[in-house]
Amino acid sequence: MAFDYDVIILGSGPAGFSCAMQSTKFDKKVLMVEVDNENIGGTWLNKGTVPSKALREAANLILNFHTQFNDEKGRKPYQKFRMEELLHYKMSILDSKNKKVKTDLIKNEVETARGFGKIIDEHTVQVTNQLKQTTTHTAEHILIATGSSPKSPENFEVNNTTIMDYDSILDMTHIPRRMVIVGSGVIAFEFATIFAALGTRITILSGTDDMLPFLDKEIKDELLKILSKKNIQIFRETTVKHVEANELRTCMEVAFHHKSTNRRHVSETDHVLYIGGKLPNSANIGLENMNIDVTDNGMIVVNENFQTGVPNIYAVGDVIGQQSSAAVSFVEGRLAACNMFEMKNDSLGADIPYGIYSIPEISGIGLTEIKARELGIDVTIGRAHFENLTQADIQHDTDGILKLVFRTDNLKLLGVHIIGGQATDLIHLGQCVMATGGTIKYFLDHVLNYPTYSEAYRIAAFNGVNRVYKAGVKYKKILER
Ligand SMILES: Cc1cc2nc3c(=O)[nH]c(=O)nc-3n(C[C@H](O)[C@H](O)[C@H](O)COP(=O)(O)OP(=O)(O)OC[C@H]3O[C@@H](n4cnc5c(N)ncnc54)[C@H](O)[C@@H]3O)c2cc1C
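Model, not experiment: these values are computed from the prediction.

Engineer: Report on the overall build of the protein chain, specifying residues and quantitative values.
Structural biologist: Of the regular secondary structure elements, the protein chain holds 14 helices and 22 strands. A compact globule built from 481 residues should have a C-alpha radius of gyration of about 23 Å, and the protein chain, at 24 Å, falls within 12% of that. In terms of overall dimensions, the protein chain has a C-alpha envelope of 70 × 70 × 45 Å along the principal axes. Here the analysis covers contacts within the protein chain between residues at least 6 apart in sequence; of these, 65% occur between residues at least 24 apart.

What follows is the structure in C-alpha cells.
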C-alpha cells in the first residue's frame, strides 16, 4: 500500500525534530505537523529550555558585573537594569535559533503542516488549522511527539500577570522586588536563582521535605548553603491555602500551612510563580480509538523501542514522560527513527546525566555516595572545592564542589556530582570515563588544560587517592591498580 509519507510526526520539539532529521538521513519522506502557527521547536525553543537558558545567561552576566564591579551607590541590579534588556537578549537568541531550525528542516526537505494533528487510524493523521480547515495525510509510521504543558494549580488560578507559570514568566516585563515560588522541582530552583541574581527577594514554598531527592546529599547541602547566602528563603512541607490580592490591591498574599511549625503563614509578594510539574499533551489526539495505553497521568505507554500498542505508532519525549528533558528527547526521537526504519541502534545508554541550570549549576551522573554504600560497594570519595580552582578564582566564582565516587579496590569511577560554575558541561568528562569503564587515574595521568574548571577532576582525584592512602594502602600500590 502506498502512503503519502514514510513518517508523520506530531510536534516539532526536540523529540519530533531529531526523529525528522534522522529519518531524512535514511532518505525517508517526512511530514512534521505543528499546532503552533508561528514557531517551530516546542518547549525547547519557545517556552522552556532555550528561552530560560538565555534569560539565565543574561541574569548571570548582570550578577557577575554587579558583584565584580561593585556599585558605589549600593544599587540592586533591578535599579540598574531593566527587564526589557534581558528580554532583548533572550529574543535575539530565540530568533537566530528559530531561523537555524527552520533552515535545517528546509535543507533536509522535511515538509511541515501547521495545525492540530489527530490520529484517525493507524496510518492516517488529520490536521486542522486555525481556520478549522482540515487535511488528511497517510504514512507508514506515525510518531507522537506532542510534549507537555504546565500543570495548573488546584486552589488558585494562573492569570499570567500577578500569578505566572513557567511559560508566562519568560515574558515578564519587569524585574519584581519580591516573588513567591510555589514548587521545588528543578525549574523552580532555576527561576529562583535567576531572579535572585537580579535582586528579587525569593521565597520558595515546597510541598515536600525532601526537595530534589535524586541529588547527592552533600551537593544538596551545598546548594542550600548557597541559596541561603543569596537570601532565598525556603519553607518545606507547606500547603498553599489561597493566593489573592491584599485588600488595598497593593500586593499579593499567599496563605500557606507550614507543617513543622503547624502554623498558618501569610507571605506578601509582588508575583507568584507556580511550578507544579508538567501534563503530557496526550488528550484529543485520537488515542481513545486505538490500542494505545495511557497512564493515569496522561503519559503514553511505550516499549523499549518507543512503540505504542499499535506497532507502527511510536511516542517519544515529554509525552511518554520517563525522563522529561530536551537532552533525552533528542536521543529518543533519533532512536525511534532508527527503530522505525530497522536500523536498530543502542539504547539511551546506562548512565544519563541530569543538569539543573540554577546559579550555580548542578549536574550529576551515576551512583551517589549513599546509594553506592546501600548497594554494599566499598567506595571512597574524592572532593574538589571550587575555591581551590584557579579558573574559579579568576572568575570570582568560587562556590561549588566536585565529588567523585569511586571503588576503593580498583579506583573505578562510579559517580560524579557537581555544583558550581560549568557543572552541566564539566559532567561529560566524568561521563566519558565512566562509559569506558575508566578509573580516577585518568585524571592523574592526563594533562588537562590549565586554568580550567576541569582542574576540579584532578584535584578531586588526588584527594580521593590520598584518602585511600590514609586508609593504610601504600601509594605505590594505589597507583598500580
Ligand atoms: C522552563 C523550562 C526549562 C527547561 N530547561 C531544560 C534544559 O535546560 N535542558 C533540558 O534538557 N530540558 C529542559 N527543559 C525540558 C524540555 O524543554 C522538554 O523536556 C522538551 O522540550 C520536551 O521535548 P518534546 O519534543 O517532547 O516536546 P515539546 O518541546 O513540548 O514540543 C512538543 C510540540 O508539539 C506541539 N504539539 C502538541 N500537540 C500537538 C498536536 N496535536 N499536533 C501538532 N503539534 C502538537 C507543541 O506545540 C510543541 O511544539 C525545560 C523545560 C522548561 C519548561
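Engineer: Please provide a residue-by-residue account of helix H1 (residues 14–25), values included.
Structural biologist: Given a rise of 1.5 Å per residue, 12 residues ought to cover 16 Å, and the 17 Å separating the end C-alpha atoms of H1 matches this to within 8%. Among the 12 residues of H1, 10 are classified as buried, and the element is accordingly described as predominantly covered. When we look at burial in H1, the residues that qualify are Pro 14, Ala 15, Gly 16, Phe 17, Ser 18, Cys 19, Ala 20, Gln 22, Ser 23 and Thr 24. Against the buried residues of H1 lie strand S1 (5–10), strand S2 (30–34), helix H2 (42–47), helix H5 (83–107), strand S6 (134–144) and helix H8 (326–340). Residue Asp 27 follows H1 closely and has a positive phi angle near 60°.

Engineer: Any details on the domain arrangement of the protein chain? Residues and values, ideally.
Structural biologist: Its domain assignment divides the protein chain into domain 1 (5–150 + 279–340), domain 2 (163–276) and domain 3 (360–479). Here domain 1 and domain 2 have C-alpha centroids that lie 28 Å from each other. Taken together, the contacts link 14 residues of domain 1 with 13 residues of domain 2. Sorting the residues of the side of domain 1 that touches domain 2 by element identifies helix H3 (49–68) and helix H4 (77–80) as the ones contributing at least two each. No other element matches the eight residues that H3 contributes to the side of domain 1 that touches domain 2. Across the side of domain 1 that touches domain 2, the residue classes tally to nine nonpolar, two polar and three charged.

Engineer: Can you tell me about the pairing of S2, naming the residues and giving the values?
Structural biologist: With five of five residues buried, S2 is to be regarded as a mostly interior element. Taking every second residue as pointing to the same face, both faces of S2 are buried, with Val 30, Met 32 and Glu 34 on one and Leu 31 and Val 33 on the other. As defined by bridge partners, S1 adjoins S2 across four bridges and the pair is classed as parallel. Opposite Ile 9, over in S2, you have Met 32 as the bridge partner. Read from S1 through H1 to S2, the crossover connection turns out right-handed. Pairing geometry for S2 and strand S3 (residues 111–114), over four bridges, is parallel. Bridge assignment links Leu 31 to a residue of S3, and that residue is Glu 111.

Engineer: Please set out the environment of Phe 195 residue by residue, giving values where relevant.
Structural biologist: Here Phe 195 shows up in helix H6 (residues 186–197). The spatial distance from the C-alpha of Phe 195 to the C-alpha of Glu 111 is 40 Å, given a sequence separation of 84 residues. Dropping the residues within four chain positions of it, Phe 195 is found in contact with Met 179, Thr 200 and Ile 202.

Engineer: Mind laying out the site of the ligand, listing which residues take part and the relevant values?
Structural biologist: Close contacts around the ligand come from 37 residues, with Gly 13, Gly 42, Gly 48, Gly 147 and Gly 317 the closest. Taken together, the residues of the shell around the ligand sort by class into 15 nonpolar, 18 polar and four charged.

Engineer: Any details on the nonpolar core? Residues and values, ideally.
Structural biologist: Core analysis: the biggest nonpolar cluster contains 83 residues, and Ala 59, Ile 181, Phe 191, Ala 192, Val 272, Leu 273 and Ala 456 have the highest contact counts within it. The greatest single-element share of this core, amounting to nine residues, is contributed by H6. In contact with Ala 59, other than residues within four places in its own chain, are Leu 86, Ile 194, Ala 197 and Leu 198. Residues Leu 105, Val 302, Ile 313 and Val 328 belong to the second largest nonpolar core, which totals 47 residues.

Engineer: Pulling in residues and values, what's your account of the packing of H3 against H6?
Structural biologist: In the contact formed by H3 and H6, the axes pass within 8 Å of each other and the chain directions differ by 35°. Relative to H6, the crossing made by H3 is left-handed. Listed contacts from H6 to Ser 52, Leu 55, Arg 56, Ala 59, Asn 60, Ile 62 and Leu 63 of H3 are Glu 190, Ile 194 and Ala 197. In terms of residue class, the contact of H3 with H6 is built from six nonpolar, two polar and two charged.

Engineer: Talk me through the environment of Lys 259; I want residue IDs and the actual numbers.
Structural biologist: Along the chain, Lys 259 turns up in the loop between strand S13 (252–258) and strand S14 (263–269). Lys 259 sits in the partly exposed class, given 13 other C-beta atoms within 10 Å. Taking the C-alpha atoms as reference points, Lys 259 and Thr 239, 20 residues apart in sequence, are found 8.1 Å from one another.

Rules and cut-offs
- Residues numbered from 1 in each chain as written.
- Predicted model: local features only at pLDDT ≥ 70, side-chain atom pairs only at ≥ 80, totals over all residues.
- Helix = DSSP H or I, 4+ residues; strand = E, 2+ residues; numbered from the N terminus.
- Rg over C-alpha atoms; globule rule 2.2 N^0.38 Å.
- Contact = placed C-beta atoms within 7 Å.
- Expected span 1.5 Å × (residues − 1).
- Buried ≥ 20, exposed ≤ 12 C-beta atoms within 10 Å, placed from the backbone.
- Domains from an automatic or database assignment.
- Nonpolar A, V, L, I, M, F, W, Y, C, P; charged D, E, K, R; others polar.
- Pairing = 2+ DSSP bridges.
- Right-handed = clockwise from strand over helix to strand, strands pointing away.
- Near = placed C-beta within 6 Å.
- Core = buried A, V, L, I, M, F, W, Y, C linked by C-beta atoms within 7 Å.
- Axes fitted to C-alpha atoms, helices over the stretch in contact; angles between N-to-C directions.
- Left-handed = near helix turned anticlockwise from the far one by under 90°.

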